[in-house]
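# Remarks on the overall topology
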Amino acid sequence: MRLSCEIIRDLLPLYYDKVCSKESSSLIEEHLADCPQCVDELQKLKMDFQNPTITDGKVKLMENISEKWKRDKRVSFTKGFMLVSALGAMLCFIAFNVIGAEVLPDGTLVEPFALIPIGYIFILMFIISLICNFVFLKKYKIKIK
Ligand SMILES: [Zn+2]
């Protein structure tokens, strides 16, 4: 049975994906054996699948998505950092006040001194992450335009 090229070309994607019946594929193979145009068509199909043509628009979109994702990741990371450092600083100063200072009988002052520089380090971390957060958000807004 000789099928028209048009029917064969409709079936080629199915044939390429190996989802058509055995009968259909043998008919297609039969047709391809003596129809170079349809062989070309099959080659084109293979090329399309192997190298999907990505338009500039799609590339831009993917780049934007990936950029946005990276930025969101950075922003949430800095937010988490801000939260942790703010909590850390608060805990240090609260602990310092709760523990309090004590003068031993021999006159030495016992104070949880270490908590003060640690608290200030947390404040510094908070400020740095605040700045980073602003920078990342600003970059984001510029890109959106
Ligand atoms: Zn043909």
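The structure under discussion appears in the preceding block.
What counts, and at which threshold
- Residues numbered from 1 in each chain as written.
- Predicted model: local features only at pLDDT ≥ 70, side-chain atom pairs only at ≥ 80, totals over all residues.
- Heavy atoms only, no water.
- Core = buried A, V, L, I, M, F, W, Y, C linked by side-chain atoms within 4.5 Å.
- Buried < 20%, exposed > 50% of the residue type's maximum accessible area, 1.4 Å probe, protein only.
- Helix = DSSP H or I, 4+ residues; strand = E, 2+ residues; numbered from the N terminus.
- Contact = heavy atoms within 4.5 Å.
- Donors = N, O, S within 2.8 Å, 3.2 Å for Na, K, Ca; no water.
- Phe/Tyr/Trp six-rings, centres within 6.5 Å; stacked < 30°, edge-to-face > 60°.
- Expected span 1.5 Å × (residues − 1).
- Arc of directions from axis to C-beta.

### Concerning the nonpolar core
Within the largest apolar cluster, 11 residues are counted, these being L3, I8, L12, Y15, C20, I28, L32, C35, C38, L42 and L45. Elements that contribute at least two residues to this core include exactly helix 1 (5-17), helix 2 (22-33) and helix 3 (36-50). Setting aside its immediate chain neighbours within four residues, C38 contacts C5, I8, R9, L12, H31 and L32.

### Digging into the coordination of the zinc ion
Tetrahedral metal sites with four donors have an ideal angle of 109.5 degrees; octahedral sites with six donors have ideal angles of 90 or 180 degrees. The protein atoms that coordinate the zinc ion are C5 (SG), H31 (NE2), C35 (SG) and C38 (SG), at distances of 1.9 to 2.3 Å. Sequence spacing among the residues donating to the zinc ion works out to C-x25-H-x3-C-x2-C. Overall, H31 belongs to the buried group, its relative accessible area being 4%. Judged by relative accessible area, which is 0%, C38 ranks as buried.

### Observations concerning the environment of K22
Residue position: K22 is located in helix 2. Classification of K22 by relative accessible area gives exposed; the value is 75%. Sequence separation between K22 and M47 is 25 residues, and the spatial gap between their C-alpha atoms is 24 Å.

### Quick look at the packing of aromatic side chains
Using the criterion set out here, one finds two aromatic pairs in the structure. The interplanar angle of 75° and the centroid separation of 5.6 Å between the aromatic rings of F93 and Y120 together place this pair among those described as edge-to-face. Residue F93 is located in helix 4 (residues 56-99), and its partner Y120 is located in helix 5 (residues 115-144); the two are separated by 27 residues in the primary sequence.

### Things to note about helix 3
Along its 15 residues, helix 3 runs 21 Å from first to last C-alpha, staying within 8% of the 21 Å computed at 1.5 Å per residue. Listed as buried for helix 3 are C38, L42 and L45. Looking straight down helix 3, one finds that the buried residues subtend no more than 55° of arc, so they occupy a single side. Residues of helix 3 that are exposed and point over 90 degrees away from its buried face: P36, K44 and Q50.

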